Amino acid sequence: MRTSIKCNCGQRIIAKDVVQHGYYLRLFGPSFVYVKFRCSRCKKLGEQFIKQEEWEEGILKDVAIEVSTEEREQFTVQGPIDINEVIDFHFALENLSDLKSLEAAMPPPKKKPRSTPQA
């Protein structure tokens, strides 16, 4: 079952991107839902035919964010993941025997100092 429609650039298409949609009914064989869209990332027009059995209105709904305000702030403070963190994690995965040992092996996240505006 299809869970989303994507543009060729990889962007997920949601209801606000849809220009036109309708039904393509056939006497023999499967019927289709026609979706014409303009991608919000690359601005190109695209279209897809989806089998009517696979069609749900939820396909065009935006995904709800499951991150709380506190978690979002914590991620902002931590900043982007740098290459040294990626390398450390890679080596930790190589020596992994179970998930509990991964928790013990990884150092706690570094808190990056916030810059305060100077008045």
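Look up a bit, the structure's there.
Residues numbered from 1 in each chain as written. Predicted model: local features only at pLDDT ≥ 70, side-chain atom pairs only at ≥ 80, totals over all residues. Heavy atoms only, no water.

### Section: the overall build of the chain
Next up, step 1: Within the chain, the regular secondary structure consists of three helices and five strands.
Next up, step 2: The order of α-helices and β-strands along the chain, N terminus first, is β-β-β-β-β-α-α-α.
Next up, step 3: For the chain, the residues scored as buried account for 18% of the 119 residues in total.
Next up, step 4: For the chain, restricting intrachain contacts to residue pairs at least 6 apart in sequence, the fraction spanning at least 24 positions comes to 45%. (Helix = DSSP H or I, 4+ residues; strand = E, 2+ residues; numbered from the N terminus. Buried < 20%, exposed > 50% of the residue type's maximum accessible area, 1.4 Å probe, protein only. Contact = heavy atoms within 4.5 Å.)

### Here we look at the nonpolar core
Looking at soluble globular proteins, one finds that nonpolar side chains tend to be buried together.
Next up, step 1: By size, the foremost hydrophobic cluster in this structure holds 11 residues: Ile 5, Cys 7, Ile 13, Val 33, Val 35, Phe 37, Cys 39, Ile 50, Trp 55, Ile 59 and Leu 60.
Next up, step 2: Looking at which element gives the most residues to this core, the answer is strand β4 (residues 32-38), with three residues. (Core = buried A, V, L, I, M, F, W, Y, C linked by side-chain atoms within 4.5 Å.)

### Some words on the environment of Cys 7
Next up, step 1: Of note, Cys 7 is situated in the loop between β1 (5-6) and β2 (12-13).
Next up, step 2: Spatially, the C-alpha atoms of Cys 7 and Lys 44 are 8.6 Å apart, while their sequence positions differ by 37 residues.
Next up, step 3: If near-sequence neighbours (up to four positions away) are discounted, Cys 7 is found in contact with Ile 13, Phe 37, Cys 39 and Cys 42.

### Thoughts on the pairing of β4
Next up, step 1: Where burial is concerned, most of β4 is hidden: five out of the seven residues are buried.
Next up, step 2: With six bridges joining them, strand β3 (residues 18-24) and β4 adopt antiparallel strand pairing. Following the sheet pairing, Tyr 23 is matched in β4 by Val 33.
Next up, step 3: For β4 and strand β5 (residues 45-51), the ladder comprises seven bridges, and the chain directions are antiparallel. Directly across from Tyr 34, in β5, lies its bridge partner Phe 49.
Next up, step 4: Connecting the antiparallel pair β4 and β5 is a turn made up of six residues, with Lys 43 showing a positive phi of about 65°. (Pairing = 2+ DSSP bridges.)

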